[in-house]
Amino acid sequence: MTVTANASRTRPPIQRWLVIWVLALAAVLVMFLLQERLPWAVNYPVEAVVPVADWVSALMGWIKSNLCWLTRSVTAVLGVPLDFALNLLAKNFKFGHGADAFVLPRLSWVGVCAVAFLAGHAAGGRKLSLLVGGCFLYIALFGQWTSAMLTLALISIAVPFCILTGLFAGIWAWRTPWAERLVVSPALDLMQTIPTFAYLIPMLLLFGNSPVSAMIATAIFATPPMVRATMLGLSRVPSEIDDFSEMAGCTARQKLWRVLLPSARPTLMVGVNQVIMLALNMVIIASMIGAGGLGYDVLLALRALKVGEAMEAGLAIVALAIALDRLSQAIARKQAKGNVHRSGSPGFWRRPPNLTLAIAILAVTTLLGLFVPALATVPKAITFTTAPLWKAAVNWVTINFFDVIEAFRVALILNVLNPVRAFCEGFPWLGAAFLLGLAGYQLSGLRLAVLVAMLTAFCAVTGLWEKTMATVYLCGISAFLACLIGIPVGLMAARSDRFEKIVTPVIDTLQVLPSFCFIIPVVMLFRVGDVTAMIATIAFAVVPAIRYTNHGIRQVPSALIEAAKVSGCTPRQTFFRVQLPLALPEIMLGVNQTILMALAMIIICAMVGTRDLGQEVFIALSKADSGRGIVAGLAIAFIGIVADRLFNAWTAKARARLG
């Protein structure tokens, strides 16, 4: 009787929502069929477009004209440490002018490689030492040292700025709930969903084409993970530690800096790792506004269709990313285990022996470089180049497999991409806002419904609906295929430890690859266009689908699995009826992250000929049109926010239903 009563209570809402959705879809279909009578409901009227881009351009022009003293002051202040880092790692210190100028050389490449070996050994032992030092040695031997040091110099200044800013913003948000809810969280959502290119436009307009502009854009883009890590780390500190500090008579300031933050250090170090990786990714893109370095080398090679040179610069980016990622992860793991602090030593860079040895190595090798040029600059005699090999490989593949590749590309365009694109671009803007608002209302109530509908309508009222749907089409297909590949791979990894050991290094490598590096090999084979963008986006966005699926299956409590076995379930039944339903919320979080990463990558793929919002941002960057670029960037951000909010609401509802 109880089961029957419960069923009778749950069926009507489900049936009611089913009827509502059928009626809503029918209304949108009627709207589309009657587009000749209701053209304003399908295509937003041009005469009603709100000129937000013009307003933003006017605002940026006013700031540039009236606050130029402020931007110049910021450039001058930030230029001092940045110039020092650039001279220290990539250039030379020059004092005086003309023939009488005194030149102090940059750090010796031999010394930097030796310190990389030393840092890896101190943080993670011999294996990490060989990996980190080997990556720096690889960069030197393949002739990419100066460009890599330019990139590293920008990161070395941007990352501390991001860490300090993120730390203080996270503390403020943690202490002030209203600030976290009304200011910090919305700002972080915008900062993480606005495409990277959109950051470059106001920086270019306000600070000019210079490394300082690139550094500021990098700092803005890479700060959010530190803010979130600070908030999360402080909220996870056990209440017993908080109570003990109060009993010991600590003031609020002492409790924060001497108790809470040290206790949250493992989580903070994870945030530092993410800041480093995002900063490296953004520095590559910021090469378009004066950052120089490896990203600029990739851009020049791609524009000249020099496949080999682009691949070598891309691999140098990968080597630098792997070295910094593994080193920061090792330090984070060491902080999490607490080995360093339990032993009473204060950490690698505060240990006098290691720090003294590193400084001594750098000083000695740099001074010797004054007398031995081979220590100051990487000798060309010991460098290698694989550019001819990459070019020959691409030519061989093109000659022998051109027909197959071209047939696949054309079939995919004609049979999949073009029909889906036509469907998306012809979808009524009013119907899309209505359906997404209805989904928000069903999942979380009126507030989410209004938010989703308004963000969707923004894309239409600013005159960007066609470009928005072109972005949705390509992002949707790429994310769908990434999930179609990633979720089964994650399921296989969750059921087989051996398979997981094979998959984990692959997805770890994919995760540290900067976005540029996904484009290069695909362009070699498929040329520019939507197919290239789709394949590169799938490779970039597949990692969260694999990782979250694997984690979701493995985190199902073992007691429930044992209960299923005791009940007589076969392994297949246990998997499909117990583990998979309980892991579904976690898997959907992976889908959410896959969509956001696909959206980020689609925008970068504007460089290979896509026609969407990314192209709008790219054109605005080339013309320094701040209004056009920022509005297109906001439209992209709103797509990501809509997807994020809907999936988070669905996941929260699923978690509540599953208990």
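Scroll up for the structure.
Because the structure is a prediction, the values reported are computed rather than measured. (Residues numbered from 1 in each chain as written. Predicted model: local features only at pLDDT ≥ 70, side-chain atom pairs only at ≥ 80, totals over all residues. Heavy atoms only, no water.)

Quick rundown of the pattern of salt bridges? Include the residues and the values.
Following the criterion strictly, the structure yields eight salt bridges and no others. Residue Glu-406 pairs with Arg-409 through a salt bridge whose shortest N-O separation is 2.7 Å. Residue Glu-406 and its partner Arg-409 are located together in helix H20 (residues 387–425), separated by three residues, close to a single helical turn. Since its relative accessible area comes to 14%, Arg-409 is described here as buried. Of the charged contacts in the structure, one is a salt bridge between Arg-421 and Glu-425, with a shortest N-O distance of 2.9 Å. Taken together, the residues Arg-421 and Glu-425, both in helix H20 and four residues apart, mark about one turn of the helix. (Salt bridge = Lys/Arg side-chain N within 4 Å of Asp/Glu carboxyl O. Helix = DSSP H or I, 4+ residues; strand = E, 2+ residues; numbered from the N terminus. Buried < 20%, exposed > 50% of the residue type's maximum accessible area, 1.4 Å probe, protein only.)

Residue-level account of the packing of helix H8 (residues 177–193) against helix H11 (residues 224–235), with values.
Packing of H8 against H11 leaves a shortest axis separation of 10 Å and a crossing angle of 140°. Here H8 lies oblique to H11, going by the angle between them. In this structure, H8 crosses over H11, and the sense of that crossing is left-handed. Residue-level inspection shows Glu-180, Val-184, Leu-188, Asp-189, Met-191 and Gln-192 of H8 in contact with H11, the latter providing Pro-224, Pro-225, Val-227, Arg-228 and Met-231. Looking at the contact of H8 with H11 residue by residue, the class counts come to seven nonpolar, one polar and three charged. (Axes fitted to C-alpha atoms, helices over the stretch in contact; angles between N-to-C directions. Parallel < 35°, antiparallel > 145°, perpendicular 65-115°, else oblique. Left-handed = near helix turned anticlockwise from the far one by under 90°. Contact = heavy atoms within 4.5 Å. Nonpolar A, V, L, I, M, F, W, Y, C, P; charged D, E, K, R; others polar.)

Please set out the side chain of Asp-530 residue by residue, giving values where relevant.
Among the secondary structure elements, Asp-530 is positioned in helix H26 (residues 530–554). Classification of Asp-530 as buried rests on a relative accessible area of 14%. A polar contact of 2.7 Å, which involves the side chain of Asp-530, links it to the side chain of Tyr-473. If we skip the residues at most four places from it in the chain, Asp-530 touches Leu-417, Arg-421, Tyr-473, Leu-474 and Thr-610. (Polar contact = N/O pair within 3.5 Å; in protein donor to acceptor, adjacent residues only side chain to side chain.)

Give me the lowdown on the packing of aromatic side chains, citing residues and values where you can.
Summed over the entire model, instances satisfying the criterion amount to 11 aromatic pairs. Taking 5.1 Å as the distance between ring centres and 75° as the angle between the ring planes, the aromatic pair formed by Tyr-44 and Trp-429 counts as edge-to-face. Taken together, the positions of Tyr-44 in the loop between helix H2 (39–42) and helix H3 (52–66) and Trp-429 in helix H21 (residues 429–444) put the pair 385 residues apart, joining distant regions of the chain. Accessibility expressed as a relative area gives 11% for Trp-429, which makes it buried. On the numbers, 6.3 Å between centres and 85° between planes, the contact of Trp-172 with Trp-178 is edge-to-face. Among the aromatic side chains, those forming a connected cluster through ring pairs are Tyr-138, Phe-142 and Phe-384. (Phe/Tyr/Trp six-rings, centres within 6.5 Å; stacked < 30°, edge-to-face > 60°.)

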